[in-house]
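Here is how the chains run, residue by residue.
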Amino acid sequence: MTEAILLVGGKGTRLRPLTVHTPKPMVRAAGVPFLTHQLARARAAGVEHIVLATSYLAEVFEPYFGDGSSLGLHIEYVTEEEPLGTGGAIRNVASRLHSGPDDPVLIFNGDILTGLDIDALVRTHETTGADVSLHLTKVTDPRAYGLVPTDDTGRVLAFLEKPQTPEEIVTDQINAGAYVFRRSVIDTIPVGRPVSVERETFPELLATGAHLQGMVDSTYWLDLGTPAAFVRGSADLVLGRAPSPAIPGRCGDRLVLPTARVAPDAKLSGGTVVGEGAFVAEGARVFGSTILPGAVIEPGAVITDSLIGNRARVGERSVLTGTVIGDGAVVGADNELRDGVRVWCDARIPAGSVRFSSDA
């Protein structure tokens, strides 16, 4: 296997305001665009040619990655004029593939952080003679996911929508968002209209007797679709819990990028990242958070499990927990923001305006 398709066209609406100016795969995790980690892991597995299926803010990708040579890859870009869904996006880029009809093509979603053994998935595909092979993972609470039951040999039996009752939870295996397709199967996907592989392509293949193989790999897996998950994923990369050959530095309790400045008595821990040109002032404490390039954390601020956008500013003594501050926003001094708060890009919160506790 030397080819892959990477689906990076989503709008990332659940991640806003992080995705107002930046497509989701380009938001920085552990110091580099998240997409960099996926490309590096694909290259490490032997992939040489990758087609990026882009749509939202498509113009951002190519200026950053170019032809892919810096990563040892050949990258091509195909843009959807109208959103086509997962299946439609795969079909839309098929003309760029060079593989023969029976060759395997790796396909993966642009918002999944995983430790998947890609080589093992390809071997499973080849040894079982499958038409499509799917990475499956086990989750404690599968209600938010599509379930994929398999038989004793791993052959997929059905695709079940998100279960509504306990009786419908027949397995803890879910579709983890990475596949190997036989090249010829891609050509059977309808052209020029939205298609979902999960709701249309896979069920129709099963109905026609195609061989769909599941491989359970329960190493690290995280859907980065929400701000809290994205922050956790970045911290896990820095801490070494999630594998990536693209981390720009050593794994550890913190990652400070070149040109960032951190005061000697500031405390960074829990997988915190401080991006290029950012500044963390004296007495500030930052745990498990991402400080994007150019952001400023003023003296005495306390930031936990949060993401501070590009060129944003957090004022003196402000306390942020589980929050997202958009690009260019300013949180004045002595504010207190808690779980789930999202401050939009370029917004201004005056000093002492928001609190969850007494001003004493």
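Residues numbered from 1 in each chain as written. Predicted model: local features only at pLDDT ≥ 70, side-chain atom pairs only at ≥ 80, totals over all residues. Heavy atoms only, no water.

Asker: Is there a simple way to think about the overall build of the protein chain in this case?
Answerer: When helices and strands are counted, the protein chain shows seven helices and 28 strands. In terms of overall dimensions, the protein chain has a C-alpha envelope of 70 × 50 × 35 Å along the principal axes. Sequence separation of 24 or more characterises 52% of the internal contacts of the protein chain that already satisfy a separation of 6 or more. If you sum the accessible surface of the protein chain, you get close to 15,100 Å²; carbon and sulfur atoms cover 50% of it. Computing the positive centroid from 32 side-chain charges and the negative centroid from 43, the protein chain places the two 6 Å apart. (Helix = DSSP H or I, 4+ residues; strand = E, 2+ residues; numbered from the N terminus. Contact = heavy atoms within 4.5 Å. Areas by Shrake-Rupley, 256 points an atom, 1.4 Å probe, with all protein chains shown as cover. Lys, Arg positive; Asp, Glu negative; His and termini not counted. Charge placed at Lys NZ, Arg CZ, Asp CG, Glu CD.)

Asker: I would appreciate a short explanation of the UniProt feature "domain: Nucleotidyl transferase" (unreviewed entry) in the protein chain in the present structure.
Answerer: Per the UniProt record, the feature "domain: Nucleotidyl transferase" (unreviewed entry) sits at residues 4-236. Between the C-alpha atoms that bound residues 4-236 the distance is 25 Å, and the span itself is 26% helix and 23% strand. (UniProt positions renumbered as here; feature names shortened; annotations may be inferred.)

Asker: Honestly, the pairing of strand 6 (residues 104-109) in this entry has me stumped. Any pointers?
Answerer: Regular strands place side chains that alternate from one sheet face to the opposite one. The element strand 6 is largely enclosed, with a buried count of six among its six residues. Pairing analysis gives four bridges linking strand 1 (residues 3-7) to strand 6, with the strands arranged parallel. When the sheet's bridge partners are listed, Leu-6 is paired in strand 6 with Phe-108. Judged from the five bridges that link them, strand 6 and strand 9 (residues 173-182) form a sheet pairing that is antiparallel. Looking at the pairing, Leu-106 lines up with Val-180 of strand 9. (Buried < 20%, exposed > 50% of the residue type's maximum accessible area, 1.4 Å probe, protein only. Pairing = 2+ DSSP bridges.)

Asker: Even after reading the chapter, I still don't get the sheet that holds strand 14 (residues 267-269), so can you show me in this structure?
Answerer: Whenever strands of a sheet pair, they do so through backbone hydrogen bonds, lying parallel or antiparallel. Sheet architecture is open: five strands sit in the order 14-17-20-23-26, paired in parallel fashion. Both outer strands of the open sheet, strand 14 and strand 26 (336-337), are each paired with one neighbouring strand and no more. Sheet analysis places strand 17 (residues 285-287) next to strand 20 (residues 302-304), joined by three bridges and oriented parallel. Pairing of Arg-285 across the sheet is with Val-302, part of strand 20.

Asker: Got a minute to help me understand the UniProt feature "domain: Mannose-1-phosphate guanyltransferase C-terminal" (unreviewed entry) in the protein chain in this structure?
Answerer: Per the UniProt entry, the sites bearing "domain: Mannose-1-phosphate guanyltransferase C-terminal" (unreviewed entry) are residues 252-343 in this numbering. Between the end C-alpha atoms of residues 252-343 there is a gap of 29 Å, over a span that is 0% helix and 41% strand.

Asker: Honestly, the side chain of Asp-111 in this entry has me stumped. Any pointers?
Answerer: Tracing the backbone through its elements, the reader meets Asp-111 in the loop between strand 6 and strand 7 (112-114). The contact partners of Asp-111, leaving out residues within four places of it in the chain, are Lys-24, Phe-34, Gln-38, Leu-222, Asp-223 and Leu-224.

Asker: Sorry, what's going on with the sheet that holds strand 22 (residues 313-314) here?
Answerer: The strand order 13-16-19-22-25-28 describes an open sheet built from six strands, whose pairing is parallel. Edge strands, defined here as strands with exactly one partner in the open sheet, are strand 13 (261-262) and strand 28 (348-349). Sheet topology note: the strand 25 (residues 330-331)/strand 28 ladder contains two bridges and is parallel. When the sheet's bridge partners are listed, Val-330 is paired in strand 28 with Arg-348.

Asker: Would you take a moment to explain the pattern of salt bridges for this structure?
Answerer: Opposite charge on two side chains permits pairing when their charged atoms draw close. This model, assessed by the stated rule, comprises 15 salt bridges. Notably, a salt bridge pairs Asp-111 with Lys-24, separated by 3.0 Å at the nearest N-O pair. Taken together, the residues Asp-111 in the loop between strand 6 and strand 7 and Lys-24 in the loop between strand 1 and strand 2 (28-29) connect sequence positions 87 residues apart. Comparing Asp-111 with Lys-24 shows no difference in burial state: the two are buried. Put simply, Arg-183 and Asp-187 hold a salt bridge, and the shortest N to O gap is 2.8 Å. On the accessibility criterion, Arg-183 (10% relative accessible area) is buried. Linked through salt bridges whose partners overlap, the residues forming this network are Asp-102, Asp-131 and Arg-182. (Salt bridge = Lys/Arg side-chain N within 4 Å of Asp/Glu carboxyl O.)

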